[in-house]
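# Results of the structural survey
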2 protein chains.
Amino acid sequence: MTYRLYYWPGIQGRGEFVRLAFEAAGADYVDVARLPVSRGGGVAALTKRMQADGPRPPLAPPFVAAGDEVVAQTANILAWLGPALRLAPADAAGRRWTHQLQLTVADFVDEIHNTHHPIASHLYYEDQKREARRHAAAFLEQRLPKYLGYFEDVLARNPAGASHLVGRRLSYADLSMFQLVAGLRYAFPRAMARAEPACARLVALHDAVARLPRVARYLASTRRVAFNQQCVFRHYPELDR
Amino acid sequence: MTYRLYYWPGIQGRGEFVRLAFEAAGADYVDVARLPVSRGGGVAALTKRMQADGPRPPLAPPFVAAGDEVVAQTANILAWLGPALRLAPADAAGRRWTHQLQLTVADFVDEIHNTHHPIASHLYYEDQKREARRHAAAFLEQRLPKYLGYFEDVLARNPAGASHLVGRRLSYADLSMFQLVAGLRYAFPRAMARAEPACARLVALHDAVARLPRVARYLASTRRVAFNQQCVFRHYPELDR
């Protein structure tokens, strides 16, 4: 079965957590909006699918279509695909725990986004720069260490060892942790240089995921969109104190 | 089996979505931190459980303990309990859809919270009042109608009719929708008076849920914490324009 991922073609954003799962699993998928328009791709294909009639509309990308089903919400997509992609534990309690971690990743991602858009998503950064400065300072002081410390603690407590967040095998939560560390390094290089000594297990997990052959090939390919200033992760030096 | 809910005793907050599910199902549950300290309750019981050693720590309340398992993240809790409480569809695709709606509720709740705390959760409202005014205005203009319109559309598109969000039976998503409408009416009475004519199905769902015998008894009981100014839903007249 071919999975069809619908997400904004020009950014990593929330869709990247799904792309990483497909890539790490070697899954058969199409990143629809990144196809050329001549092959049914582009943003138009995404918006057309979003506006389609149907009983279960997504509110926003990313969403994935497979067979008759269309599933939205990043963490929900990963909970659905995880077992089929062999990126989730076999037992139900383990799957709930993996999903719980992913939902905490989602909360963290929302807060990272709000550092540069504390007032409104539809306004430009330049129109909320003063508020962003205040928000980002509070984020770096309180929230960044809180979340990183939490995930570091989860690794430290894993009875199967600190190589993975859940059990002894790679899960989509590990892939998401790679993406978080990579994105935070892009957005806040100064703050991350300060924070990383206290989360060595997390950094080791990031490095191990980056070295997985399929992930390494993906990161070196043109399928990986580069970090940029339209994404959740943005580098504004004035916010990185 | 007795479920043990751990949540802040003085607010509705995110825990209320779980309380409503327990109450509507007539489930056997204990709202641990609302018990008197002499019976093992109070905030101390909550923080003690949060700080317990264990391989799968929650980052924040609410979380629910049942048997050996402790599950956190509101939407994850509801996805877990939904089938046992008969508040989720029987089929897997229906459950994913219900969960997707709940995750969209969670996003909405985050945005509602940010109207009064756009800079940082750990600062007082009074210390971010100017930013809150700007944030809330953008929220009421753009986000409130977007989310309400989305859920109204979901009701309109339900092939089984607009009495429920999913299929023809009550689900935890319907209970959450009741809570959203009730909370928004408390926080933003002026804005909701303007918005409600465009989402009549949603208002009808709110009213129908409030009339369910178990829910009505719960709402009239002392188990229901009153809305107040420490919750996600806060009424600041200066933000309700």
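Since the structure is predicted, the reported quantities are computational estimates derived from the model, not experimental observations.

When helices and strands are counted, chain A shows nine helices and four strands. Secondary structure elements in chain A, listed N-terminal to C-terminal, are β-α-β-α-β-β-α-α-α-α-α-α-α. Its C-alpha atoms give chain A a radius of gyration of 18 Å, within 12% of the compact-globule value 18 Å for 241 residues. Reported as C-alpha extents along the three principal axes, the dimensions of chain A are approximately 50 × 45 × 35 Å. Considering chain A as a whole, with its 241 residues, one finds that 56% of them fall into the buried category. The long-range share in chain A, meaning contacts at least 24 apart out of those at least 6 apart in sequence, stands at 69%. Carbon and sulfur atoms form 52% of the exposed surface of chain A, whose accessible area is close to 10,000 Å².

This part covers the packing of helix α8 (residues 200-211) of chain B against helix α9 (residues 213-220) of chain B. Residue and element names in this part refer to chain B. One way to put it is that α8 packs onto α9 with a least axis distance of 5 Å and a crossing angle of 80 degrees. The angle between the axes of α8 and α9 places the two elements in the roughly perpendicular class. Contacts from V209, A210 and R211 of α8 reach α9 at P213, V215, A216 and L219. Across the contact of α8 with α9, the residue classes tally to six nonpolar, no polar and one charged.

This model, assessed by the stated rule, comprises zero disulfides over all chains. Free of any disulfide, C199(A) has its nearest neighbouring cysteine sulfur in C231(A), separated by 20 Å.

Looking now at the sheet that holds strand β1 (residues 3-6) of chain B. Residue and element names in this part refer to chain B. Taken together, the four strands give an open sheet; going across it, the order is β2-β1-β3-β4, and neighbouring strands pair in mixed fashion. Every other strand in the sheet has two partners, leaving β2 (29-31) and β4 (69-72) as the edge strands with one partner each. Ignoring which end each strand starts from, the neighbouring axes of this sheet average 20 degrees apart. In the packing of helix α2 (residues 42-50) onto the sheet, the strands contacted are β1, β3 (63-66) and β4, and the crossing angle to β3 comes to about 80 degrees.

Right, let's get into the pairing of β4(B). Relative to β4(B), β3(B) is paired through four bridges, and the arrangement is antiparallel. Within the sheet, the bridge partner assigned to A65(B) lies in β4(B) and is V70(B).

Take the relation of the copies chain B and chain A next. Each copy of the sequence occupies a distinct position, and chain B is placed on chain A by a rotation of 180 degrees and an axial shift of 0.0 Å, giving an RMSD of 0.0 Å. Viewed as a symmetry operation, the transformation between the two copies matches a two-fold axis. If distances are taken from each C-alpha of chain B to the rotation axis, the shortest is found for P118(B), at 2.9 Å. When the interface residues of chain B are mapped onto chain A, 100% of them again fall at the interface, so both copies present the same face.

Our focus in this paragraph is the nonpolar core. Core analysis: the biggest nonpolar cluster contains 68 residues, and F108(A), L144(A) and F151(A) have the highest contact counts within it. Top element by residues in this core is helix α5 (residues 129-157) of chain A. It accounts for eleven residues. Mapping this core onto the domain boundaries places at least three of its residues in each of domain 1 (3-84) and domain 2 (92-212) of chain A. Other than its neighbours up to four places away in sequence, F108(A) contacts F139(A), L144(A), Y147(A), L148(A), F151(A), L180(A) and L184(A). In this structure, Y3(B), A88(B), A173(B) and L184(B) belong to the second largest nonpolar core, which totals 67 residues.

Buried accessible area, meaning the area lost when the parts come together, often serves as the stated size of an interface. All names here are of chain A. Domain boundaries assigned for chain A yield domain 1 (3-84) and domain 2 (92-212). Taking only C-alpha atoms into account, the centre of domain 1 sits 23 Å from that of domain 2. Every contact between the two is made by 13 residues of domain 1 and, on the other side, 13 residues of domain 2. Taken over both partners, the interface formed by domain 1 and domain 2 buries close to 1,100 Å², and the fraction arising from carbon and sulfur atoms is 75%. For D110, the salt bridge identified is with R14, shortest N-O distance 2.8 Å. Viewed at the interface, domain 2 and domain 1 are joined by two residue pairs in polar contact (both at pLDDT 80 or more). Listed by contribution, the elements that provide at least two residues to the side of domain 1 that touches domain 2 are α1 (15-25) and α3 (74-84). Sorting elements by how many residues they give to the side of domain 1 that touches domain 2 places α3 first, with six residues. Split by residue class, the side of domain 1 that touches domain 2 holds eight nonpolar, three polar and two charged.

Okay, the packing of helix α1 (residues 15-25) of chain B against helix α3 (residues 74-84) of chain B next. Residues and elements named next belong to chain B. As a packed pair, α1 and α3 sit with axes 9 Å apart at the nearest point and diverge in direction by 15 degrees. By the angle class used here, α1 and α3 are roughly parallel. In this structure, α1 meets α3 at a crossing whose hand is right-handed. On α3, the residues that touch F17, V18, A21 and F22 of α1 are T74, I77, L78 and L81. Of the residues assigned to the contact of α1 with α3, the class counts are seven nonpolar, one polar and no charged.

Each partner contributes to the interface: chain B provides 46 residues, whereas chain A provides 46 residues. Of the roughly 4,200 Å² buried at the junction of chain B and chain A (both faces included), carbon and sulfur atoms supply 52%. The three residues of chain B that bury the most area against chain A are L59(B), R134(B) and R157(B), which together make up 17% of that side's buried surface. At the boundary of chain B and chain A, one finds four salt bridges.

Conventions used here
- Throughout this description, residue numbers start from 1 for each chain and increase along the sequence as written.
- Written order determines the labels here, with chains lettered from A and ligands numbered from 1.
- This being a predicted model, a pLDDT of at least 70 is required before a residue's local features are given, and a value of 80 or more before pairs of side-chain atoms are given or counted; all residues contribute to the totals for chains, interfaces and linings.
- Hydrogens and water molecules were not included; the side-chain quantities draw on all heavy atoms of the structure.
- Runs of H or I in DSSP of at least four residues are treated as helices and runs of E of at least two as strands, each being numbered from the N terminus.
- For a compact globule the rule gives 2.2 Å times the number of residues to the power 0.38, and the radius of gyration it is set against comes from C-alpha atoms.
- Relative accessibility decides the category of a residue: with a 1.4 Å probe and only protein chains considered, values under 20% of the type maximum give buried, values over 50% give exposed, and everything between is partly exposed.
- Throughout, a residue-residue contact means that at least one pair of heavy atoms, one from each residue, lies within 4.5 Å.
- Each accessible area is a Shrake-Rupley result for a 1.4 Å probe, and residues are judged covered by the shown protein chains and nothing else.
- For helices, the fitted line uses only the C-alpha atoms of the stretch in contact; every axis is such a line through C-alpha atoms, and the angle between N-to-C directions lies from 0 to 180 degrees.
- Should an angle lie under 35 degrees it is considered roughly parallel, over 145 roughly antiparallel, and from 65 to 115 roughly perpendicular; all remaining angles are considered oblique.
- Throughout, the ten residues Ala, Val, Leu, Ile, Met, Phe, Trp, Tyr, Cys and Pro are labelled nonpolar, Asp, Glu, Lys and Arg are labelled charged, and all others, Gly among them, are labelled polar.
- We call a pair of cysteine sulfur atoms a disulfide when they lie within 2.5 Å.
- Pairing between strands is defined by DSSP: at least two bridges between them are needed.
- Here the copies are matched by least squares. The fit uses the C-alpha atoms of residues with pLDDT of at least 70 in both.
- Definition of nonpolar core: a set of buried residues of the types Ala, Val, Leu, Ile, Met, Phe, Trp, Tyr and Cys, connected through side-chain atoms within 4.5 Å.
- Domain segmentation is taken from an automatic or database assignment of domains.
- In short, buried area is how much 1.4 Å probe accessible area vanishes from two parts on joining, totalled over both.
- The term salt bridge refers to a pairing of a side-chain nitrogen on Lys or Arg with a carboxyl oxygen on Asp or Glu at a separation within 4 Å.
- Definition of a polar contact: a pair of N or O atoms within 3.5 Å, with one able to donate and the other able to accept a hydrogen when the atoms are protein atoms, and with sequence-neighbouring residues admitted only if both atoms are side-chain atoms.
- What makes a crossing left-handed is the near helix being turned counterclockwise from the far one by less than a right angle; a clockwise turn instead makes it right-handed.

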